[in-house]
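# Secondary and tertiary structure notes
The lines below spell out each chain.
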Amino acid sequence: MKHYSKLIFVVVMAVTLGSCKNDPILFDSSKTFVAFTASSATVSENATTLDIPVMVGALKGSPSVTVDFDIVTDGLANPAAEGTDFTVSPAGSLTFADGSGVAMLTVHPIDNDVFTGNKTFKIKITGNSKGYESGSQDVITVTLKDNEHPLAKWIGTYDVAAVSYGSPGAWDEAWTVTTEPDADDVTILWISGVAGST
């Protein structure tokens, strides 16, 4: 009886270990999609550029595909105007010569000397030359941070040496403190990181 038990154990282990081999993961071409890699991005209006990745998930060696997009500002509280506040290149479409992978849309902010507050716009994928499905992130919201804020000198991230007067050296701490403008009131800055706290 022991002999049969050992034989059954060996057969079960062989089947189990044999079925645990690394089978290749196969990509079903019906799952091909086009999407942004993020749902939002932020850039200062005085920055040179902002690259926005667009992804085509397709089989390697797929035919070239062109992805079309529109700039959308409907429903935004402080919309950015294309040509006045920013430009996007390439304009209107992006071609993937290899048929898959990641390519960049480039936002070029246009700086001005007037405080208008942060402005936003959206880029929406509207279609593509192969009729691929849009992924869950087919819209990205881009925020242009105004660099003429009245409190701009104090906005940023700072390394703070917190020195203890009660017991010098014993309770000293290093903090990273960030100041951010309030979205609704230009006289307010929000400070986080004091004592390592938000």
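This structure is a prediction, so every number in the text was calculated from the model and none was measured. (Residues numbered from 1 in each chain as written. Predicted model: local features only at pLDDT ≥ 70, side-chain atom pairs only at ≥ 80, totals over all residues. Heavy atoms only, no water.)

Turning next to the overall build of the chain. On a plain count of helices and strands, the chain comes out with one helix and 13 strands. When the helices and strands of the chain are placed in sequence order, the string is α-β-β-β-β-β-β-β-β-β-β-β-β-β. Taking all contacts inside the chain whose residues are at least 6 apart in sequence as the whole, residues at least 24 apart take part in 64%. Counting only carbon and sulfur atoms, one obtains 57% of the accessible surface of the chain, whose full area is about 12700 Å². (Helix = DSSP H or I, 4+ residues; strand = E, 2+ residues; numbered from the N terminus. Contact = heavy atoms within 4.5 Å. Areas by Shrake-Rupley, 256 points an atom, 1.4 Å probe, with all protein chains shown as cover.)

By size, the foremost hydrophobic cluster in this structure holds 27 residues, and its most contacted members are Ile52, Leu105, Phe121 and Ile123. Here this core takes four residues from strand β3 (residues 50–57), the largest share from any one element. (Core = buried A, V, L, I, M, F, W, Y, C linked by side-chain atoms within 4.5 Å. Buried < 20%, exposed > 50% of the residue type's maximum accessible area, 1.4 Å probe, protein only.)

Relative to strand β12 (residues 173–181), strand β11 (residues 156–162) is paired through seven bridges, and the arrangement is antiparallel. Directly across from Val160, in β12, lies its bridge partner Trp175. Sheet analysis places β12 next to strand β13 (residues 189–192), joined by four bridges and oriented antiparallel. Looking at the pairing, Thr179 lines up with Ile191 of β13. (Pairing = 2+ DSSP bridges.)

Quick look at the packing of aromatic side chains now. Scanning all chains against the criterion turns up one aromatic pair. On the numbers, 3.7 Å between centres and 5 degrees between planes, the contact of Phe86 with Phe121 is stacked. With Phe86 in strand β5 (residues 86–89) and Phe121 in strand β8 (residues 119–128), this residue pair connects regions lying 35 residues apart in the sequence. Across this residue pair, the class does not change: Phe86 and Phe121 are buried. (Phe/Tyr/Trp six-rings, centres within 6.5 Å; stacked < 30°, edge-to-face > 60°.)

Relative to the helices and strands, Ile155 is located in the loop between β10 (139–145) and β11. Spatially, the C-alpha atom of Ile155 lies 9.3 Å from that of Trp190, the residues being 35 residues apart in sequence.

Our focus in this paragraph is the confidence of the model for the chain. On average, residues of the chain carry a pLDDT of 87, and 84% of them reach 70 or more. Confidence, expressed as mean pLDDT per element, reaches its minimum in the chain at helix α1 (residues 2–18) with 56 and its maximum at β5 with 98. (pLDDT = per-residue confidence, 0-100.)

Moving on to the pattern of salt bridges. Inspection of the entire model under this criterion finds three salt bridges. Residues Lys119 and Asp85 are paired through a salt bridge, measuring 3.3 Å at the closest nitrogen-oxygen approach. Placement of Lys119 in strand β8 and of Asp85 in the loop between β4 (65–72) and β5 is noted, with a sequence separation of 34 residues between them. Each member of the pair, Lys119 as well as Asp85, is classed as buried. Notably, a salt bridge pairs Lys124 with Asp138, separated by 3.5 Å at the nearest N-O pair. Taken together, the positions of Lys124 in strand β8 and Asp138 in the loop between β9 (133–134) and β10 put the pair 14 residues apart, joining distant regions of the chain. (Salt bridge = Lys/Arg side-chain N within 4 Å of Asp/Glu carboxyl O.)

Another point: the sheet that holds β10. The strand order across the open sheet formed by five strands is β2-β10-β8-β4-β6, and the pairing between neighbours is mixed. Looking along the sheet, the strands with just one partner apiece sit at the ends: β2 (40–44) and β6 (93–96). In this sheet, neighbouring strand axes are inclined to one another by 25 degrees on average, regardless of whether the strands run parallel or antiparallel. As paired elements, β4 and β8 share six bridges and run antiparallel to each other. Bridged to Val72 within β8 is Lys122. (Axes fitted to C-alpha atoms, helices over the stretch in contact; angles between N-to-C directions.)

Turning our eyes to something else, we now look at the sheet that holds β11. The strand order across the open sheet built from three strands is β11-β12-β13, with neighbouring strands paired in antiparallel fashion. Only two strands of the sheet have a single partner each, and these edge strands are β11 and β13. On average, adjacent strands in this sheet sit at an angle of 25 degrees to one another, irrespective of strand direction.

Of the residues examined, Asp85 reaches a relative accessible area of 7% and is grouped as buried. Engagement of the side chain of Asp85 in a polar contact is seen with the backbone nitrogen of Ala81, the distance being 2.7 Å. Once residues lying within four places of it in the same chain are set aside, the contact partners of Asp85 are Pro79, Ala80, His108, Pro109, Ile110, Asn112, Lys119 and Leu144. (Polar contact = N/O pair within 3.5 Å; in protein donor to acceptor, adjacent residues only side chain to side chain.)

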